[in-house]
Structures are given as structure tokens and as C-alpha cells.
Amino acid sequence: MKHPDDDNELFNRLEAEMTADELHVVDNGRDLDAFRDLDSRVVDLDKARSARTESADPTTRPDSDPAADSEPGRSGAESGDPTARVLVDSPSLKAAGPGYLGRLAAAKRRPVVPVWLRSLAELRTASAWVARHYAHAAGYHALRSPVYAGRLALQAPAGLAKFVGGTMRWMADREGEPVRLAAVRREDAAEYLKLSRQRDGRVRLRTLVAVLGMFIGLGAALAIYVLAPDWLQALSVSAVVMALGAAGRKADNPVIHRAVELPKATKLTSDIVLRALGAIGIPAINQAQAKGRDGFEFTAPITRDGPGWRAEGNLPFGVTVTDVIEKRERLASGLRRPLGCVWPEAESEEHPGHLVLWVGDQTLKAARKPVWPLMKSGTVDLFKAIPYGTDQRGRWAEVTLMFIAGIIGAIPRMGKTFLLRLLLLIAALDPRAELHTYDMKGTGDLDPVGEAVSHRHGVGEEDETIRYALADFRALREELRRRTKVIRSLPRDICPESKVTSQLADKRSLGLHPVIIGVDECQVLFEHAEHGKEFEEIATDLVKRGPATGIVLLLATQRPDAKSLPTGISANASTRFCLKVMGQTENDMVLGTSSYKRGVRATMFAWGDKGLHYFVGEGSDARIVSSTFLDAPMAESVAARARKMREKAGLLSGYCLGETAEAVTGPAYDLLADVAAVVPEGEERVWNERIAVRLAELRPEVYGGWKGENVTSALKPHGIKTRDVAGTTDDGTRTTRRGIVRADLLKAIAERNETPGAA
């Protein structure tokens, strides 16, 4: 078939040849005389083409004269006019690439042993599933076997009639009757007589066989009736009745029903993948397919990968995996699969155009979830990865709760609180961990953890709860400062990396045990009219410095915006869990700036995808995870087991034992007033590092160890921005450093005082 571009091929070739032969001397840098010479010259095109073809150098022209100092084999254009156009693509050169050994060294070896065989956990899961499947099928049919027998007995008369009628038709050679009637209609006497003789022979032979079979059958039946024991007679009659019942069954009413309805997922083939990619409306793919190409280069065979199919390959040049992810809904339509089964993703170790397409047999919410390994037994070491959910392929996804600060964001009713409670239950199963839990929504969803094991626990947004939480946050900040001093004082051989380890956490005398703080609906704290700024300041410090000292802050909100998640917190959280959100802004607030543009979009989750989220952490790219579902009774069971472990180790403390917190824990202070006190009226601009030194002298128990960056982060929640301030160092050097303007400080104090209850 002629290609659409063939019609223009001759014209394009002639135009290119004329441009190379006659017009190459006309250039932007050529003067008018050269153009006149060209206009008056007659060129033999055949000779020019022949000369260009025979030339070894693609820049050689048949009309160029070699200069006196030119080398043999070089054209005059090369040694003459430096402005002459040089062709960069030589038809005599071939594309260079790595040799066989180079390609072999860069080859990607496929595992000899499948992944599910190398993982003992996956092997146990698969074996248990197979055992449960066949045990269920056996029990299902065993219970219904009397019903099956009754159905077959009722269908036995119909089966007997079918058997007798079929035997009579076979004896009479009824299957050949249409052929004989066709011969009669054609009035072909010779053919009819031939067919009649053939029919007579068949009838005689089949009648003889039927009579012999009848005598043998009756004889066998009589022998069984006279000679066989009762059990054999009953078995024989039952077998005959069942056989007749099976023969009399109806096609639309099977006797035996399926014990398990298997998903009818279509096998994924290359044709289906190419058809789907061509239907999503990406121009580069459509253009390639219009020219007879595939538009997608498969780099590996399509194989089974867990409960689904995996296809991978290279998209056309300039097309990225993000382009495909944006059209996931249309891709699912092209594959004729539910949206929850289709998961295109990028390969982190490949280029952005390398697509990995996984198509599941069932949607994530319909697929059976494995039992959480910690549901009934087991303890946790928070310094190690712990399974908390499964990915699209049913494999466990793990999270390490130490050395992180976590954010959970979602719209209401998508499983945000359940996910936070699950993470807190994981922390509770480490007896060393000290839990501080706050349910600012006030519904008691965190009570199973708080009542059982929490050192501090608050519910609701009442003033009493806010004051209780504020006192706890102040105490946590003091604990953070104490821990930094302890870590700094430890020998290098005991604490080589200047952070808490599992071995240090075991030493109760050091007080470096894990501290896990979980706050649901954290926007209630940060938007509080009186104490919101202080909550934000302390939380920012805990997010930045807490992970290295063993303090972990987990914040959950259904309003992921700048007020609910202040920038200082959202920008420094290393672990993020984003369930369904409605827009790009909310998506990037939880998952990080530009996540939406990179194709990491929690907006694509459906309303029924509860617990399904993007997980960013553990040193890898964003992954889709379905968290383990634990309802309130299940959570209470796990929390009760965690309490018994702590009772045995003697590690219960605080709220879970009925103890009340002190009214004010840690020193109270007014930051703005203290800064105003150390910045005199005559000093209009001052460096932050000098403010830190003065504050440390004013209140060493509060500001000891502060530096310029601490002042910057502390003043930011109050709306005081730092700027470049010119000044003189102690040695007299004139320079510019970060500082504040005293007028901005006074303005912030005035605005606070004018607003009743403002911070």
C-alpha cells in the first residue's frame, strides 16, 4: 500500500537537490556579486548529481575549484569561502553505537527464580490462599451434594427419554436424511439410490449392535440383581440414575454451581496495549500508528505480575509517562478494564518515556487483602521497616516511623483518621515508644490507642484540651532541647552519627526512647486564635530537629492548605500520605511542590477508594498503597495487646494510668516582647544572629543554643520577615546579613494587642 508521504517524495527530493546544487552559494553572508554570478551561470544538473554522488566528502561541489593550498581530496569550499554551507549528515557514515560486549554489559538480567518464590512471606501467602481456595470449594460442594443428587434423580426420566430417542435416531440413520432429501429435490435418481443402499447397510449394522447391547445390558443387570450384594446394587442403580440425570440436564440450569466466581479478566496482549495507547489521544502515538508503526516499543514480554499483567516499553520520542498518566481514564476505556485495575507508572531507573503498565484482574478495593501480620501477634522495632498496607500487586508496603516527620492529607471520609490510627498502633507495639495522641475532631477515633497506651491524650477542641495540648507541646520542646544536649555529650563510638539508635533507645537511663506524636485535624491547633502561632512555632521545630532525637510528629488534616499545614512544616516533612484530594494545590501541599506536574496525582482516586493513597518516603518515589483496614474493635484488640506488653515491661505512664499533666510544663515566655527588649529603640535594623545571642543572655533556660536561623523560624509565624541588613562586624568589617527591621516587630506587637485573644 502506498504511504501517504510517497506523493510528495519526488518533489521533496528535487527541491533538496536544487537547494544543494544551485542555491548553496546564496547565503546571508554572501554579497550581491556572488548572487549575480549564480544567476548568469548554467549548471548541468546530471553532471552535478553525478559529481556529488562520487565525492567522498559530502561538502564537495562539482563547481568548486580547489585552492592552491588545499589538501588532496578536499573541496575548494572547505579551503575557500568559510561561509559556505556544510552538510552535517554524511550518507557514507553509519550510526555508531555500543558493540555486542557493550550491550551485553548493560543488559538487564531477569531473575531466574520468580520474586514470589524468593520471598518467604509471599510464598506463605500464596500457599495459604491456594489451601483456603480448595478447602472452600470442597466444603461448598460437600454440603450441597444431597441437593445435586436430588436434581440428578429428578432429571433422570428426561435423560432416559433423550437416551432412547438418540439411540433410535442413530439406528435409523437420521443424520443422513437431509442429504437424501436434497438428492430427491434435485431429482438425482442415481445419487439417491446410492445413498439409500448406504443407509440400509448402516441401519442393519446399527440395529444388530443395539440388540446385542440390549441383551448384554439386560444380562448384566439381571446378574447384578441376583448375584451382587445390596451395596453394589444400590451403587449401580445410583450410577445409572446419575448418568441419566446428567444426560437430561438443561443448558441454562446446571446441576452443580461454582463455589468461587473467578474474575473474567481478559489476557493482556500487545494488540490490546497498542489499541489502548492509540485511543488516548497523544499525537505522537497516533502519528506513528498512522504511518504503520506501533507507536510503542515493548522492551520485555507481557507477563503475569501478581494478580495482574505487566507490560513495559518505550513511548515515542518526546512522550513521557506523565502524559499517559494524565489520560488514565481513557487508557482504562481503551483496555476495556475498570479504572481501579489500570495503573500506568514510571520506572525510576529508566528515562521518563519508559512506561510500566500494570493491569490487575480486579480493582484494588475488590481484591482480597492479606491479613496484617501484626494483627494477632508480634512486636515492633520502630527503627525497622514495618508493613502497613499493600500495593496494586498485593505486595506489602513498609514504613519506618523513626527519623521522619509525617503528613496525612485527604478530603473527609477517605480513611485519613484510620490511617493515622494504624500508624499509632504500629508505634504502640514497640513497648519503648511514648505516645502523645490528640483527636482534635472530637469523635474519639483515637481513643483505642489513647486509653490503652498513650502518655498524653486529648480529645476535642475545647479550651481545656487546647491548654492541655499546649502544655504538652512546650514540654516536648524542652525534651527536644534536653535530648540534643544528651546526644552531643555521648562518645562518638556510642553515638557515631549524632542521632538516636535502637541501642540507645534501649538505655532508659538516657531517656532517648522513641516519642510519637499523632494529631488528627491539626488545623485546629495551628488556626487557634490565641495559641496558633506558638503551636506552629513548636511544631516546626519538632519537624526540623525532632527526627534525629527520636521525636516523630504525625499530622493529619482534611484541609491541606497553607493555614492547616504551615509552609515550615509541609516543606520539611520527609514522609507523606495523600489520600484523595480535589485539586492540584492540595495535592502539592501534601506530596510536595510540582508533584502534580510529575504525574503524582491523588486527585485520580475514586470516591470508593477509601484507604488508597500515594506514599512518599522510605527513600523511594511515590507509590500507591492501600492501607490495612482496622475498625474500632480490631484497633482495641491490638491496643490491648500493646498494653499487656507495656505492663509486662513496666513502661506504662501518664494518661493511660490516669495521671494528669501539670498545668504548665516548661517555661512560658513572650517571644515578641523578649525580642523587643533586646532590640533598643536606637537600633532600627539588627542581625538575627545578634538577636539570638542577646536572647540567650536574657533567658538562657529558653533561648540557650539559639542561632540566627532559630530566630528566623520563630518570628516567621508572627508575620515578621527577615531581610538583608547592612551592618558592621566586631572586627569592623562592613557586610550584609539576614536581620529584621524594628518597625516590623513593633507593628506585629501592635496588631496582636489590638486583636483580643490574638497571639
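Residues numbered from 1 in each chain as written. Predicted model: local features only at pLDDT ≥ 70, side-chain atom pairs only at ≥ 80, totals over all residues. Heavy atoms only, no water.

## Regarding the overall build of the protein
- Counting its secondary structure elements, the protein contains 28 helices and 18 strands.
- Considering the protein as a whole, with its 759 residues, one finds that 41% of them fall into the buried category.
- Once local pairs closer than 6 in sequence are excluded, the contacts in the protein between residues at least 24 apart make up 66%.
- In the form shown here, the protein has an accessible surface area of approximately 42,700 Å², with 56% of it arising from carbon and sulfur atoms. (Helix = DSSP H or I, 4+ residues; strand = E, 2+ residues; numbered from the N terminus. Buried < 20%, exposed > 50% of the residue type's maximum accessible area, 1.4 Å probe, protein only. Contact = heavy atoms within 4.5 Å. Areas by Shrake-Rupley, 256 points an atom, 1.4 Å probe, with all protein chains shown as cover.)

## Description of the pattern of salt bridges
- Evaluated as defined, the whole model comprises 36 salt bridges.
- Residue Asp173 is joined to Arg202 by a salt bridge in which the shortest nitrogen-to-oxygen separation is 3.4 Å. With Asp173 in the loop between helix H7 (120-171) and helix H8 (177-185) and Arg202 in helix H9 (residues 189-227), this pair connects stretches of sequence that are 29 residues apart.
- Asp173 sits in the buried class, given a relative accessible area of 2%.
- A relative accessible area of 34% places Arg202 in the partly exposed class.
- Between Asp506 and Arg432 there is a salt bridge whose closest N-O contact spans 2.7 Å. (Salt bridge = Lys/Arg side-chain N within 4 Å of Asp/Glu carboxyl O.)

## Some thoughts on the side chain of His531
- Mapped onto the elements of the fold, His531 is located in the loop between helix H19 (523-526) and helix H20 (532-545).
- A relative accessible area of 15% places His531 in the buried class.
- Leaving out residues up to four positions away in the same chain, His531 has contacts with Ile466 and Leu470.

## Section: the nonpolar core
- Within the largest apolar cluster, 56 residues are counted, with the highest numbers of intra-cluster contacts made by Trp372, Leu382, Tyr388, Leu423, Ile426, Leu435 and Ile516.
- Counting only elements with at least two residues in this core, the list comes to strand E6 (386-390), strand E7 (396-399), helix H15 (416-428), helix H16 (447-453), helix H17 (463-489), helix H18 (502-506), strand E12 (551-557) and helix H23 (632-649).
- When residues in this core are grouped by element, the largest group, nine residues, is from H15.
- Dropping the residues within four chain positions of it, Leu435 is found in contact with Leu424, Ala427, Ala428, Val449, Val453, Ser454, His455, Arg456, Ile516 and Arg646.
- Formed by 44 residues, the second largest nonpolar core is a distinct cluster that contains Ile517, Phe526, Val600 and Leu612. (Core = buried A, V, L, I, M, F, W, Y, C linked by side-chain atoms within 4.5 Å.)

## What about the sheet that holds strand E14 (residues 612-617)?
- Strand order in the open sheet formed by 10 strands is E7-E6-E15-E14-E13-E8-E12-E11-E9-E10, with mixed pairing between adjacent strands. Sheet topology places E7 and strand E10 (456-459) at the edges, where each strand pairs with a single neighbour. In this sheet, neighbouring strand axes are inclined to one another by 25° on average, regardless of whether the strands run parallel or antiparallel.
- Relative to E14, strand E13 (residues 575-578) runs antiparallel, the two sharing three bridges. If you follow Cys578 over to E14, its bridge partner there is Tyr614. (Pairing = 2+ DSSP bridges. Axes fitted to C-alpha atoms, helices over the stretch in contact; angles between N-to-C directions.)

## A closer look at the pairing of E12
- Counting buried residues along E12, seven of its seven residues qualify, which places the element largely inside the surrounding structure.
- Side chains of E12 alternate between two faces, with Ile551, Leu553, Leu555 and Thr557 and Val552, Leu554 and Ala556 buried alike.
- Note: strand E8 (residues 406-409) against E12, four bridges, orientation parallel. Looking at E12, one finds that Ile407 is bridged to Leu555.

## Observations concerning the packing of helix H25 (residues 688-698) against helix H27 (residues 708-715)
- Interaxial distance between H25 and H27 falls to 7 Å at its minimum, and their mutual angle equals 95°. If you check the angle between H25 and H27, you find them roughly perpendicular. Across the interface between the two elements, Asn688, Glu689, Ile691, Ala692 and Leu695 from H25 touch Gly708, Val711 and Thr712 from H27.
- Here the residues of the contact of H25 with H27 are counted per class, giving four nonpolar, three polar and one charged. (Parallel < 35°, antiparallel > 145°, perpendicular 65-115°, else oblique. Nonpolar A, V, L, I, M, F, W, Y, C, P; charged D, E, K, R; others polar.)

## What about the packing of aromatic side chains?
- In total, this model carries 11 aromatic pairs according to the counting rule given.
- Look at Phe577 and Phe615: their rings are 5.1 Å apart centre to centre, the planes differ by 15°, and that puts the pair in the stacked class. Here Phe577, found in strand E13, pairs with Phe615, found in strand E14; they are 38 residues apart in sequence, far enough to count as distant. This pair shows no difference in class: Phe577 is buried, exactly as Phe615 is.
- The lysine or arginine in question, Lys580, covers the ring of Trp607, its NZ or CZ lying 5.3 Å from the ring centre. (Phe/Tyr/Trp six-rings, centres within 6.5 Å; stacked < 30°, edge-to-face > 60°. Lys NZ or Arg CZ within 6 Å of the ring centre and 35° of its normal.)

## Focus: unusual backbone geometry
- Phi is positive for Arg413, which is not a glycine, with a value near 70°.
- The topology assignment puts Arg413 in the loop between E8 and H15.
- By relative accessible area, which is 71% here, Arg413 ends up exposed.

## With respect to the confidence of the model for the protein
- The predicted model of the protein has a mean per-residue pLDDT of 82, with 81% of residues at 70 or higher.
- Taken together, the stretch residues 1-6 has pLDDT below 50 and engages in three contacts with residues farther than four places along the chain or on a different chain.
- Within the model, pLDDT remains below 50 along residues 20-40, and this stretch shows 22 contacts once partners closer than five positions in the same chain are excluded. (pLDDT = per-residue confidence, 0-100.)

## Some details on a negative patch on the surface
- A cluster of like negative charges, contributed by Glu461, Glu462, Asp463, Glu464 and Glu530, occupies part of the molecular surface.
- Structurally, Asp463 is set in helix H17. (Patch = residues over 30% accessible without salt bridge, like charges linked within 9 Å, V, L, I, M, F, W, Y side chains within 5 Å. Lys, Arg positive; Asp, Glu negative; His and termini not counted. Charge placed at Lys NZ, Arg CZ, Asp CG, Glu CD.)

## Here's the deal with the side chain of Asp305
- Following the sequence through the fold, Asp305 ends up in the loop between strand E2 (303-304) and strand E3 (308-314).
- Overall, Asp305 belongs to the buried group, its relative accessible area being 18%.
- Setting aside its immediate chain neighbours within four residues, Asp305 contacts Arg310, Trp358 and Arg393.

## Structural notes on the sheet that holds strand E16 (residues 685-687)
- Here three strands make up an open sheet; going across it, the order is E16-E18-E17 and the pairing antiparallel. A strand with exactly one partner marks an edge of an open sheet, and here the two such strands are E16 and strand E17 (723-728). Taken pair by pair, the neighbouring strands of this sheet meet at an average axis angle of 60°, ignoring direction.
- The sheet contact formed by E16 and strand E18 (residues 734-741) spans three bridges and is antiparallel. In the sheet register, Arg685 faces E18, and the bridge partner there is Val741.
- Across the sheet, H25 lies against E16, E17 and E18, angled at about 75° from E16, the strand it touches most.

## Comments concerning a nonpolar patch on the surface
- Where nonpolar side chains cluster on the molecular surface, the patch consists of Leu160, Phe163, Val164 and Met168 and spans about 400 Å² of accessible area.
- Given a relative accessible area of 42%, Val164 falls into the partly exposed group.

## Regarding the environment of Gly360
- Counting through the fold element by element, Gly360 comes out in strand E5 (residues 354-360).
- Exposure remark for Gly360: the relative accessible area of 1% places this residue in the buried category.
- In contact with Gly360, not counting residues within four places along its chain, are Pro307, Gly308, Arg337 and Cys341.

## Re the packing of helix H11 (residues 270-279) against helix H12 (residues 283-290)
- In contact at an axis separation of 8 Å, H11 and H12 are set at 125° when each is read in the N-to-C sense. As the angle between them shows, H11 and H12 are arranged oblique. Contact with H11, carried on its side by Leu274, Leu277 and Gly278, involves Ile285, Asn286 and Gln289 of H12 and no other residues of that element.
- Looking at side-chain class alone, the contact of H11 with H12 contains three nonpolar, three polar and no charged residues.

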